[in-house]
Amino acid sequence: MDAESFAQIEQIVSTAISKETATLRQEIEVKLNERFEESERHSGVLFEEMGRRLALVVEGFDGLREGQTVLRQMIEHESLELQSLMKLSYRQLHDRVETLEQRVMLIEKRLGLAN
């Protein structure tokens, strides 16, 4: 084989390899772009789901906060009612004790036990 033939064969092989490499490169780029777009869509779906779940958590905390406020108001109301009842009971008990003390003093006077 002479040098010219060898150069032609080398040229043919180089051209074939270049074309194959370019084709392979294009196929790889297409596949990578498809994978990237698929990953992008999947990430978008995941972010939407996370946002939805986060909104549910925030809504739950808001509900707990409202419940806590209602509970605090109920406790304050019950505390005020209890204080009023205790004051009334104390006043009634105080009145009864005074009445009993007056009756005891009256009985002591009648029996001659008073000073």
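Residues numbered from 1 in each chain as written. Predicted model: local features only at pLDDT ≥ 70, side-chain atom pairs only at ≥ 80, totals over all residues. Heavy atoms only, no water.

**As for the overall build of the chain**
Okay, so step 1: A tally of regular secondary structure across the chain gives 1 helix and 0 strands.
Okay, so step 2: In summary, the chain has a C-alpha radius of gyration of 48 Å against a globular reference of 13 Å for 115 residues, an excess of more than 25%.
Okay, so step 3: Taken along the three principal axes of its C-alpha coordinates, the chain extends 160 × 20 × 10 Å.
Okay, so step 4: The proportion of buried residues among the 115 residues of the chain is 0%.
Okay, so step 5: Summed over all atoms, the accessible surface of the chain reaches about 11,300 Å², with 60% contributed by carbon and sulfur. (Helix = DSSP H or I, 4+ residues; strand = E, 2+ residues; numbered from the N terminus. Rg over C-alpha atoms; globule rule 2.2 N^0.38 Å. Buried < 20%, exposed > 50% of the residue type's maximum accessible area, 1.4 Å probe, protein only. Areas by Shrake-Rupley, 256 points an atom, 1.4 Å probe, with all protein chains shown as cover.)

**Overview of a nonpolar patch on the surface**
Okay, so step 1: A cluster of nonpolar side chains, namely Leu54, Val57, Val58, Phe61 and Leu64, defines an oily patch on the protein surface of about 500 Å² accessible area.
Okay, so step 2: Counting through the fold element by element, valine 58 comes out in helix α1 (residues 3-111).
Okay, so step 3: Take valine 58: its relative accessible area is 44%, and that puts it in the partly exposed class. (Patch = residues over 30% accessible without salt bridge, like charges linked within 9 Å, V, L, I, M, F, W, Y side chains within 5 Å. Salt bridge = Lys/Arg side-chain N within 4 Å of Asp/Glu carboxyl O.)

**Some remarks on the pattern of salt bridges**
Okay, so step 1: Across all of its chains, the model carries 3 salt bridges by this definition.
Okay, so step 2: With its nearest N and O atoms 2.9 Å apart, the salt bridge here joins arginine 53 to glutamate 49. Separated by 4 residues within a single helix, arginine 53 and glutamate 49 lie in helix α1, roughly one turn from each other.
Okay, so step 3: Accessibility expressed as a relative area gives 25% for glutamate 49, which makes it partly exposed.

**A word on the environment of valine 30**
Okay, so step 1: Note that valine 30 resides in helix α1.
Okay, so step 2: Sequence separation between valine 30 and glutamate 81 is 51 residues, and the spatial gap between their C-alpha atoms is 76 Å.

**What to know about the environment of glutamate 98**
Okay, so step 1: Turning to its location among the elements, glutamate 98 is positioned in helix α1.
Okay, so step 2: Side-chain polar atoms of glutamate 98 contact the side chain of histidine 94, separated by 2.9 Å. (Polar contact = N/O pair within 3.5 Å; in protein donor to acceptor, adjacent residues only side chain to side chain.)

Geometric values such as these leave the question of function open.
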